[in-house]
Amino acid sequence: MTRILGIDPGSRFTGYGLIDQVGQTSRMVACGTIATSGDDIAPRLGQIFRELAQVVDLHSPVEVGIEKVFMARNADSALKLGQARGAAIAAVVQHDLPVFEYSARQVKQALVGRGGAEKQQVAQMVCYLLGLEKAPQADAADALAIAICHAHMRVTLARMAGATAIRRGRIR
């Protein structure tokens, strides 16, 4: 079993989702949204850092998937998103957790099969894949999608590593 934390960073709302991965099966452990307030970015970044550190302490994930920054039309928004990502990454690497980054397109492709899928389609697949009756709040659903994407990618990477090892004569 591998416990994976997915993070959908944002300066106002940061979603998190934890899944347990056993083989090809995923099960939701917890999810939520860190809602920050106020105009000053520094206290909001501190809140993201502290609350994600608490999530890690409480649930003990072993790997983390996080969404990459996309280039927004508004430079100020992109900068704040990057700062929120930095606070989130710092919160998990202080626990010596490996961090894997995925673009929104990669996450959508992994869950829906199309990189241009709508957010609602992604949320529906999160519910289907995790056996949930109701979709979590949007940022939490996105974080669960990132965790599921990482779970799929780690299986693929393990297969590739195995194939490479077989070709090199390490596994018989």
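Computed from a predicted model, the values in this text were never measured in an experiment. (Residues numbered from 1 in each chain as written. Predicted model: local features only at pLDDT ≥ 70, side-chain atom pairs only at ≥ 80, totals over all residues. Heavy atoms only, no water.)

(A) Summary view of the overall build of the protein. In terms of helices and strands, the protein carries 5 helices and 5 strands. Along its sequence from the N terminus, the protein presents helices and strands in the succession β-β-β-α-β-α-β-α-α-α. A compact globule built from 172 residues would reach a C-alpha radius of gyration of about 16 Å, and the protein, at 16 Å, matches this within 12%. Projected onto the principal axes, the alpha-carbon positions of the protein cover approximately 60 × 35 × 30 Å. When each of the 172 residues of the protein is scored for burial, the buried share is 44%. When contacts within the protein are restricted to residue pairs at least 6 apart in sequence, long-range pairs at least 24 apart make up 60% of them. Carbon and sulfur atoms provide 53% of the accessible area of the protein, an area that totals close to 9400 Å². Computed over 20 positive and 15 negative side-chain charges, the separation of the two mean positions in the protein equals 10 Å. (Helix = DSSP H or I, 4+ residues; strand = E, 2+ residues; numbered from the N terminus. Rg over C-alpha atoms; globule rule 2.2 N^0.38 Å. Buried < 20%, exposed > 50% of the residue type's maximum accessible area, 1.4 Å probe, protein only. Contact = heavy atoms within 4.5 Å. Areas by Shrake-Rupley, 256 points an atom, 1.4 Å probe, with all protein chains shown as cover. Lys, Arg positive; Asp, Glu negative; His and termini not counted. Charge placed at Lys NZ, Arg CZ, Asp CG, Glu CD.)

(B) Structural context of the pairing of strand β2 (residues 13-22). Within β2, 8 of the 10 residues are buried, which leaves the element mostly enclosed by the surrounding structure. Of the strand pairs in this sheet, strand β1 (residues 2-8) and β2 are connected by 7 bridges, and their pairing is antiparallel. Directly across from D8, in β2, lies its bridge partner G15. Between β1 and β2, which pair antiparallel and follow one another directly, the connecting turn spans 4 residues. In the sheet, β2 pairs with strand β3 (residues 25-35) via 10 bridges, with the strands oriented antiparallel. (Pairing = 2+ DSSP bridges.)

(C) The arrangement of the pattern of salt bridges in detail. Per the counting criterion, the structure on display carries 6 salt bridges. The shortest N-O distance in the salt bridge between R27 and D20 comes to 2.7 Å. The salt bridge partner of D76 is K80, with a shortest N-O separation of 3.3 Å. Within this pair, D76 and its partner K80 are both found in helix α2 (residues 75-93), separated by 4 residues, close to a single helical turn. (Salt bridge = Lys/Arg side-chain N within 4 Å of Asp/Glu carboxyl O.)

(D) Summary view of helix α4 (residues 119-130). With 12 residues, α4 should reach 16 Å at 1.5 Å per residue; the first-to-last C-alpha distance of 17 Å fits that figure. All of the buried residues in α4 are V122, A123, V126, C127 and L130. Taken around the axis of α4, the buried residues stretch over an arc of 140 degrees, which confines them to a single face. In α4, the exposed positions that point more than 90 degrees away from the buried face belong to Q120 and Y128. Positive backbone phi, approximately 65 degrees, marks G131, located one or two places after α4. (Expected span 1.5 Å × (residues − 1). Arc of directions from axis to C-beta.)

(E) The arrangement of the nonpolar core in detail. The biggest cluster of nonpolar side chains holds 20 residues, and the ones touching the most others in it are L5, I7, Y16, L52 and V92. Among the elements of the structure, β1, β2, β3, α1 (41-59), β4 (63-67) and α2 are those that each provide at least two residues to this core. By residue number, the principal contributor to this core is α1, which donates 6 residues. Every residue in contact with L52, bar those within four places of it in the chain, is listed here: I7, T14, Y16, I34, A88 and A91. (Core = buried A, V, L, I, M, F, W, Y, C linked by side-chain atoms within 4.5 Å.)

(F) Quick look at the sheet that holds strand β5 (residues 99-102). In space, the 5 strands of this open sheet follow the order β3-β2-β1-β4-β5, with mixed pairing throughout. Single-partner strands in this sheet number two, and they are β3 and β5. Neighbour to neighbour, the strand axes of the sheet diverge by 20 degrees on average, direction disregarded. With 4 bridges connecting them, β4 and β5 associate as parallel partners. In the strand pairing of β5, V64 is matched with V99. (Axes fitted to C-alpha atoms, helices over the stretch in contact; angles between N-to-C directions.)

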